[in-house]
Amino acid sequence: MPDERDPFLARSLQQLQDNIRRAGPAATASYSLIGAILLLGGAGHLLDRWQQTEPWGLLGGLLLGLLVGFYELAKAVLKS
């Protein structure tokens, strides 16, 4: 716990908390983008292995992942 008599440390910790709070939506949007690409790309890869349609399932999954990810990113940007 910071010493209450040290105003510099208290202000620094307060600024850090404020920055983390403001960065939350951007972090969520970036994780959504990466997660959608990985999840849907992986599902496309599994579909390819099951149906032996390489590389079309993977490409379709990656494209769908990009679309979903960018949609979530745009939603986060336009909200703020």
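Below you will find a few notes about this structure. Computed from a predicted structure; not experimentally measured. (Residues numbered from 1 in each chain as written. Predicted model: local features only at pLDDT ≥ 70, side-chain atom pairs only at ≥ 80, totals over all residues. Heavy atoms only, no water.)

1. Section: the overall build of the protein chain
Part 1 of the argument: Per the secondary structure count, the protein chain includes two helices and zero strands.
Part 2 of the argument: For the protein chain, whose C-alpha radius of gyration is 20 Å, the value lies well above the compact-globule estimate of 12 Å for 80 residues.
Part 3 of the argument: Reported as C-alpha extents along the three principal axes, the dimensions of the protein chain are approximately 70 × 25 × 10 Å.
Part 4 of the argument: Scored against the burial criterion, the 80 residues of the protein chain give a buried share of 14%.
Part 5 of the argument: Sequence-distant contacts in the protein chain: of pairs separated by 6 or more residues, those separated by 24 or more amount to 52%.
Part 6 of the argument: Looking at the protein chain as shown, the accessible area adds up to about 6,500 Å², and 69% of this sits on carbon and sulfur atoms.
Part 7 of the argument: Within the protein chain, one finds 7 positive and 7 negative side-chain charges whose respective centroids are separated by 6 Å. (Helix = DSSP H or I, 4+ residues; strand = E, 2+ residues; numbered from the N terminus. Rg over C-alpha atoms; globule rule 2.2 N^0.38 Å. Buried < 20%, exposed > 50% of the residue type's maximum accessible area, 1.4 Å probe, protein only. Contact = heavy atoms within 4.5 Å. Areas by Shrake-Rupley, 256 points an atom, 1.4 Å probe, with all protein chains shown as cover. Lys, Arg positive; Asp, Glu negative; His and termini not counted. Charge placed at Lys NZ, Arg CZ, Asp CG, Glu CD.)

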